[in-house]
Every structure is written in C-alpha cells, then in structure tokens.
Amino acid sequence: MGVVLALDQGTTSSRAILFDHAGSVVGVAQQEFEQHYPRPGWVEHDADEIWNSQHAVAVEVLAKCDCKASDVEAIGITNQRETTLLWDRTTGQPIHPAIVWQDRRTAGYCDSLVAAGHGQQVRDTTGLLIDPYFCATKIHWLLENVPGARARAERGELAFGTIDSWLIWKLTGGRVHVTDVTNASRTMLLNLRTCQWDESLLDLLSIPAALLPEIVESSEVYGETDAQWFGETIKIGGAAGDQQAALFGQNCTRHGMAKNTYGTGCFMLMNVGEQPQRSENKLLTSVACSAAGRREYALEGSVFVAGAAVQWLRDGLGIIESSSDVESLARSVPDSDGVYLVPAFAGLGAPHWDAYARGTLVGLTRGTHRGHIARATLEGIAFQVADVFDAMQKDTGMNIAELRVDGGASANDLLMQFQADIMKTPVVRPKVIETTALGAAYLAGLAVGFWKDIHEIESIWEAEKVFTPSLSESEVEHRRSRWAEALHRAQAWETEA
Ligand SMILES: Nc1ncnc2c1ncn2[C@@H]1O[C@H](COP(=O)(O)OP(=O)(O)O)[C@@H](O)[C@H]1O
Ligand SMILES: O=P(O)(O)OC[C@H](O)CO
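Because the structure is predicted, anything quoted here is derived from the model rather than measured.

Novice: Hey, could you go over the overall build of the protein for me, with residue numbers and the actual values?
Specialist: Within the protein, the secondary structure is distributed over 17 helices and 23 strands. In summary, the protein has a C-alpha radius of gyration of 22 Å against a globular reference of 23 Å for 497 residues, a match within 12%. In terms of principal-axis extent, the alpha carbons of the protein reach across some 65 × 55 × 45 Å. Residues counted as buried form 52% of the 497 residues belonging to the protein. The long-range fraction of contacts in the protein, counting pairs at least 24 apart against all pairs at least 6 apart in sequence, stands at 72%.

See below:
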C-alpha cells in the first residue's frame, strides 16, 4: 500500500496522519504536549518533548494502520511557525527551550527598533511588521541572554531552526540543516524578493550568518530518515509552515483564492501570485507553497483569538461542557439581541494590531442570558475574520469569490453561515478538513512522483458544504457598524501590553 505520512507539529499537539493516493485519511495519531509559561507573556516548549511526541505519533499511526516504513513513499512536515530554537551542532542539544510564536518577551526590543526608524526597511525587505511574533528578535534575545551563546554562534557551533528545521535535523540523525522557504519567510530575516537571508537585517539584529539553515523549496527531497526511527529509511519530501500548507491543501494555488483556518486563532491567507504584493492595510506578506516551479506569495491576516473564545465559554464561564456545545446553545436564541463580544483577550491582531485592546462584552440587558453570549461569541469570531477579509480585498483590489475554510471551529454550521452572511460571500467547507496535513502530504508526494503534478491533486479537492449569504444588505450594514462600535470600545484599554 502506498501512502504519504504527514507530520503536523502544532502549537498544542503533535499529529501524524497517513494519506492514500486518493487524498483520503488512512489513520491519525495525536499527542498533546506541555505549554510552559515561565513569566507573564512568555511561552516556551521543550524541543525534546516536541521531537519525542512527534516521533511517537508517527510510529503509532504506522502501527495502527499496519503500515511498514517501506509503504511510506515520503514524509511531509508542517509546523507551528515562528517558534524559535537554537541547538548545539555537535551534541544536538537545545541551548534553551524553544521560544513560542505567542511569546511577547521581545516587545521592548521591537519598540526600540521601531523608534529607531527601522519599520520601513523591515516591511520592504521581509513583508512583515516589526513584532515579537517573528523569529528574528527571539534569536537576538537568546544570543544576548544564554551565557556563552553569542561566542558559540560566531564560532559556528550553534544552529538556529524553526520547528521544520528541528524535525528534519532529528529525523536525518543530525545530517541535514535546512528550512523551507515558507517558514523562512516568517523569521523577519528573509529578503522576500531574492528568498535569501538578508545581510543588512542580520547586521541590524547582530545575528551571525553561521547560525542559519540552508533555505530549500517546500517540495523537494531533503534527505532520508535515519534507519533507527522507523526501522528503514523514508524520504523527507516536503515541508511548509502550517498556514501555507493549509492554503496549498485547500488547492488555493491560483491568484485570488483564499482560505481561513479556524483554530485557536484564525489565519486567513490569499494567494497573490508571483509578486510579493505589499499591504497598505496592515496585513503581512509571506511566501506561499508552490510545486509548479515558480515563486508564489500570500497575503495573511492573523487573528489571535477565535476558537480560544469558545474555550473561554467552556473553561472560564463554564456555560458549555465541550466546544461543540456552543452551537446548540447559540441556536437556543434567534439572535444575539444586541450583545457583542470582542474577544481581544490577547490584544488584537490583523488588521488592527492593538496590543493594548482587551476583551469586551457590550449591549447587555436584564434579558441577556447565556444563549446570547454564546451567539455573540461566534459572531465575534466571524466579525474579526470579516475585517481581515475586507482588508484583503482592499489591498488587492479583487473580489474574493469564495472563502475556503478548515480547522476545528469550521465544523460549526451556525458560525460558517454567519461568516458567509456578514462577508456577503460564499463560505466553502471541503470534505477533508485536515487540509494542513493534506497540504504537507501533497508537497512531499509531488516531490517523489506519488502524485504526478498539481493538476492531479486539484482533482482530489471536493466541497462538503457551501454556505450562501442570506442576510439582507441593510441588516449586514447595521450589524457591522455596531461591531465597529464595540471594537472601538475594546481598543486601547490597557496602558501596558
Ligand atoms: N463545533 C465547534 N464550534 C466552535 N468552536 C469549536 C468547535 N469545535 C472546536 N472548536 C474550537 O476549535 C479549536 C480547535 O481547533 P484546532 O483546529 O484543533 O485548533 P489548533 O490547531 O489551533 O489547536 C478550539 O479552540 C475549540 O474551542
Ligand atoms: O499551530 P497552530 O495551528 O496554532 O498555528 C500557529 C501558526 O503557525 C502561528 O503563526
């Protein structure tokens, strides 16, 4: 049996999924791992725990499906992006826990870079905003704060990697140190046009080039796994950041096609073709996956809190038992009765970028009950996504014909219908919503000829359900203007981020 093994290394869990030639899921194994919060605003992962859990689920899924290593045509890797690790090239030991993308410890350093006037240079070169979100200032922090790290880095003894690099390094027994170009485009060190490390940014941040991995394409064979991991060797044929992998897995391979992933947060990406379109509306520009031998770019809007707001209803308020209960509770009322929830629990991401905003619940009356709050929570997710969607249409001057959706909360029909209503655009949910892993599988499978070309995989994608807009124009306008008002109340609430 020929299969492709996708390793999906996410922020809270490691998953391994086997796909067959029809793009169907053959088996899944998943392990959660620990989140470390050593100080307010800091988030760390144990890199060895990431590797051990990822290796364990890969072994588990193969055993579950009765597959041998020789049945696996290739491994494709997809990962939480921006999470930053330095390790010793000789011993393979990390010199510090991985600093996770959500970590805000470099906010002060970022402010000083902005104050010194480097914002435009960073924007023009990398397509990103100066923010602790990206790797560059995290590397700088590690070099400044781990004793001896800078000298060791300058002597070429240390390696930097995002989680794709770390997994490839481990899988190949320390023989291959690479990163794929989509992950590289989230470091704030990549020149978007040349797709090479940018020397002027390395100088600006005092980062020695000797640390950096070689940049490779998302779909090519990087090496083989060490035989100790699966009994026999397996080719590693692809890697991509999870949001770019999802864009690819949704077959958004043509200019103007967009997807939104509803997980803990929301990430909307649009394929903008072969030019790195610059945003005038505070979106980010990154490299998209391409298996067609040309460079392609994506515009991205990241919303920090989406499904996490539903978890707050469950864990913080205790008004639902599991996340999926939110839909029936929200359906217990005909509308939110004027209640709006702005889930700015961690500030606001795109397109507002307000670190000082906080969660806000407005429009409460004596008649408000938990059904209205549940409904307002789902609507708050959809309104945030609609703001990003508008920014994307403004930036590109294009009408996005439909929004393809995936991720845990895309299972919620009420949310998807409201999303379509409020954006006045169809929302399309595919049959396979494991699109992140599927994208990684496609990239690896294409590299080894398991799938012939991009046209072959295009024929695999199938819609499961289309949500068609049905709210009247005037109602949409009314609701969006009330949302804008609620948003305004949530903004600039705190004085310290
Ligand atoms: N039926 C549902 N309605 C709304 N939210 C949901 C539903 N099912 C899951 N979620 C939310 O989706 C998120 C999990 O989705 P997932 O794609 O696994 O996220 P991640 O990859 O970020 O961990 C959780 O935040 C959860 O609250
Ligand atoms: O691991 P996820 O699915 O939460 O995605 C994290 C993103 O890649 C962060 O940019």
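Novice: Can you tell me about helix α1 (residues 47-64), naming the residues and giving the values?
Specialist: With 18 residues, α1 ought to run about 26 Å at 1.5 Å a step, and its terminal C-alpha atoms sit 26 Å apart, in line with that. Buried within α1 are the following residues: Ala-47, Ile-50, Trp-51, Ser-53, Gln-54, Val-57, Ala-58, Val-61 and Leu-62. One or two residues past the end of α1 sits Asp-66, with phi positive at roughly 60°.

Novice: Help me get a handle on the UniProt feature "domain: Carbohydrate kinase FGGY N-terminal" (unreviewed entry) in the protein, residues and values and all.
Specialist: Cross-referencing UniProt, the feature "domain: Carbohydrate kinase FGGY N-terminal" (unreviewed entry) maps to residues 4-249 in the present numbering. The span residues 4-249 shows a helical share of 34% and a strand share of 26%, and its end C-alpha atoms are spaced 14 Å apart.

Novice: Can you explain the environment of Ala-391? Please cite residues and give values.
Specialist: Of note, Ala-391 is situated in helix α13 (residues 370-396). By the C-beta count within 10 Å, which is 21 here, Ala-391 ends up buried. Between the C-alpha atoms of Ala-391 and Ser-279, which are 112 residues apart in sequence, the distance is 8.7 Å.

Novice: Tell me about the UniProt feature "binding site: sn-glycerol 3-phosphate" (unreviewed entry) in the protein, and please be specific about residues and values.
Specialist: This chain's UniProt record puts "binding site: sn-glycerol 3-phosphate" (unreviewed entry) on Thr-11, Arg-81, Glu-82, Tyr-133 and Asp-242. Tracing the backbone shows Glu-82 in the loop between β5 (72-79) and β6 (85-88). A tally of 24 C-beta atoms within 10 Å means that Glu-82 is categorised as buried. Apart from the residues within four sequence positions on either side, Glu-82 is in contact with Trp-101, Tyr-133, Phe-134, Cys-135, Thr-162 and Arg-186. If sequence neighbours within four positions are ignored, Tyr-133 has contacts with Glu-82 and Trp-101.

Novice: Requested: an account of the confidence of the model for the protein, with residues and values cited.
Specialist: Per-chain confidence: the protein averages 94 in pLDDT, with 99% of residues scoring 70 or above. Taken together, the chains of this predicted complex give a pTM of 0.93 and an interface ipTM of 0.97.

Novice: An account of the nonpolar core is requested, with residue identities and associated values reported.
Specialist: Ranked by size, the top nonpolar core spans 150 residues in total, and within it Val-4, Leu-5 and Leu-443 carry the most contacts. Among the elements that make up this core, the one with the highest residue count is α13 (13 residues). Excluding its chain neighbours within four sequence positions, the residues that come into contact with Leu-443 are Gly-76, Ser-218, Ser-219, Gly-238, Ala-240, Phe-248, Cys-289 and Ala-291.

Rules of the game
Residues numbered from 1 in each chain as written. Chains lettered and ligands numbered in written order. Predicted model: local features only at pLDDT ≥ 70, side-chain atom pairs only at ≥ 80, totals over all residues. Helix = DSSP H or I, 4+ residues; strand = E, 2+ residues; numbered from the N terminus. Rg over C-alpha atoms; globule rule 2.2 N^0.38 Å. Buried ≥ 20, exposed ≤ 12 C-beta atoms within 10 Å, placed from the backbone. Contact = placed C-beta atoms within 7 Å. Expected span 1.5 Å × (residues − 1). UniProt positions renumbered as here; feature names shortened; annotations may be inferred. pLDDT = per-residue confidence, 0-100. Core = buried A, V, L, I, M, F, W, Y, C linked by C-beta atoms within 7 Å.

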